[in-house]
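One-letter residues, chain by chain:
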Amino acid sequence: MANSLSDEELMSQVRSGVGEMLGVLFERYHVPLFNFFLKLTGDRAMSEDLVQDVFFRILKYRHSYRTDTAFRAWMYQIARNARLDHLRKRRPETSWEPEMSPAVAPVDTAQQGQEAVLLHHALMRISEDKREVLVLSRFQDLKYEEIAQLLGCEVGTVKTRVHRALQELRQVFHQLQSGKPFSGKGPQGAWPTPGSIQ
Amino acid sequence: MNCEQIGELLPDYLQGRLSPALAGEVEKHLPGCPACGEEAALWKNLALLPEEQPSPALESRFKAMLDSYQEGRWEKANLAAEKSKTPAPLWGLGNWRQIPAAALVWACLFLVCGFLIGRQSDRGPTAELKQQLADMQGELAATRQTVALTMLQQQSTASQRLAGVSWTTRLPEPDAKVMSQLFHTLSFDSSVDVRLAALDALSHYAGRPEIRSGLVNALESQQSPLVQVALIDLLVDLHDKSAVPQFRKFQQDPKINPTVKKRVDWGIQQLQ
């Protein structure tokens, strides 16, 4: 029954105190949110903490949800804020190579697998604002208008940023492909070979 | 159209939101232009990156939070405390029924409560009753200690040992045996996660001088850079100036990981 309700109807119920409806929203969005954070940070544990924080905030700020606004946009707004707060509290120079090497979906050929690994590394190394628009538009399937609203900028700016992100991704991807160390703006610090951390 | 014009259209093209005529223009351009062509291909290939699944712990944490909200504890309890809850207490709570030793302790607890409620309903609390209550609490605490030790020492999987570590945080006054086992776990557990959890558990007792000096010394035997950083951070948080000599010694270690080196430099700076 609850499964046929729209996000907005569910959230309205949560707002009026029917907490269990949040369970349905959790079912719908915890995996996308986890992937949003994971693709931004490369850190599984932190991403899980942040997802938990988002649902905590949804409950805490349920009264500020306006029933005429799209739930998804509101949720991603909360997700961004949760992450920004987290970044603010973060210690200096904690930029680790994600401990787990990127999981790669089963693919047909070894070459494709290799490409996915490189692409993952390239994505993690482009600048964060660009990575964010790529993640939002490509993986979270948000429309540019929704992203613009989320970031508080013009739609045109979002499109430009998507294009720049792809340009930068292409550059980094090439550098990684040719085996050169990347010297751009991405996460700083050592990038040890797999296994050197532990 | 030149690359600049195509670049403006590309984002809409990639989301399939161009008119057929403009999409056709983009498609005409792509094969002949390596730069634009590769950008479009990268967009497509991002689909190769898999959708990842979070661990089951996320769901149990969410359920625990929702349960506490449903039970109305939220309105009373302070929200900040709920939020800062780490997953630690939930490892045990979420699956306590599956851990026989934990179930035993819960059973004892329920028994004591049931017994006391029964007694209470007969007559008011007496000195004898209070004594019995104290005895039972003492026994319960001892049982918990044993459970914690058993879980730490004998469990084969990392998640079971994690549950063991989280048990220790529920002991009101863990004894020296538990503490020394926690230090052993911190230095030698095969899983970095379990080591970090042990550090977190020990940090609750960092007020005790012997624990504090144990933490300072633990830096030397620690092999995992992540745990090294966590240790440095904890000692900095504790403003423990006695850690500085150990930090300096550690700084000189030729095998030190470069990131950890930066952190220890920072730590020394903070403590001075």
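Please read these numbers as outputs of a predicted model, since none were measured by experiment.

**Considering the confidence of the model for chain A**
Residue and element names in this part refer to chain A. Considering every residue of chain A, the mean pLDDT works out to 82; 78% of them sit at 70 or more. Per-residue pLDDT, averaged within each element of chain A, yields its smallest value for helix H5 (residues 110-125) (82) and its largest for helix H2 (residues 21-41) (95). Taken together, the stretch residues 182-198 has pLDDT below 50 and engages in 30 contacts with residues farther than four places along the chain or on a different chain.

**As for helix H4 (residues 56-70) of chain B**
Residues and elements named next belong to chain B. For H4, spanning 15 residues, the distance from its first C-alpha to its last is 21 Å, which sits close to the expected 21 Å at 1.5 Å a residue. Within H4 the residues assigned to the buried category are Leu58, Arg61, Phe62, Met65 and Tyr69. Looking down the long axis of H4, one finds its buried residues gathered within 100° of arc, a one-sided arrangement. Projecting away from the buried face of H4 at angles above 90 degrees are the exposed residues Pro56 and Asp67. Remark: glycine 72 follows H4 within two positions and exhibits a positive phi of approximately 80°.

**Observations concerning the nonpolar core**
Counting 61 residues, the largest nonpolar core has A:Val54, A:Phe55 and A:Leu169 as its most contacted members. Counting residues per element, this core draws most heavily on H2(A), which supplies 10 residues. Non-local contacts of A:Leu169, meaning those with residues more than four positions away in its chain, are made with A:Ala122, A:Leu123, A:Ile126 and B:Leu42. Counting residues in hydrophobic clusters, the runner-up holds 34 residues, among them B:Ala148, B:Met151, B:Val236 and B:Val260.

**Some remarks on helix H14 (residues 225-237) of chain B**
All names here are of chain B. The end-to-end C-alpha distance of H14 is 18 Å, a good match for the 18 Å that 13 residues give at a rise of 1.5 Å each. Of the residues making up H14, those classed as buried are Pro225, Val227, Gln228, Val229, Ala230, Leu231, Ile232, Leu235 and Val236. Buried residues belonging to H14 abut helix H12 (192-203), helix H13 (209-221) and helix H16 (258-271).

**Section: the packing of helix H7 (residues 144-151) of chain A against helix H8 (residues 155-177) of chain A**
All names here are of chain A. Between H7 and H8, the shortest axis-to-axis distance is 8 Å and the interhelical angle comes to 105°. By the angle class used here, H7 and H8 are roughly perpendicular. For the pair H7 and H8, the contacting residues are Tyr144, Glu145, Ile147, Ala148 and Leu151 in the first and Val155, Val158 and Lys159 in the second. Residues that form the contact of H7 with H8 fall into these classes: 6 nonpolar, no polar and 2 charged.

Conventions we followed
- Residues numbered from 1 in each chain as written.
- Chains lettered and ligands numbered in written order.
- Predicted model: local features only at pLDDT ≥ 70, side-chain atom pairs only at ≥ 80, totals over all residues.
- pLDDT = per-residue confidence, 0-100.
- Helix = DSSP H or I, 4+ residues; strand = E, 2+ residues; numbered from the N terminus.
- Contact = placed C-beta atoms within 7 Å.
- Expected span 1.5 Å × (residues − 1).
- Buried ≥ 20, exposed ≤ 12 C-beta atoms within 10 Å, placed from the backbone.
- Arc of directions from axis to C-beta.
- Core = buried A, V, L, I, M, F, W, Y, C linked by C-beta atoms within 7 Å.
- Axes fitted to C-alpha atoms, helices over the stretch in contact; angles between N-to-C directions.
- Parallel < 35°, antiparallel > 145°, perpendicular 65-115°, else oblique.
- Nonpolar A, V, L, I, M, F, W, Y, C, P; charged D, E, K, R; others polar.

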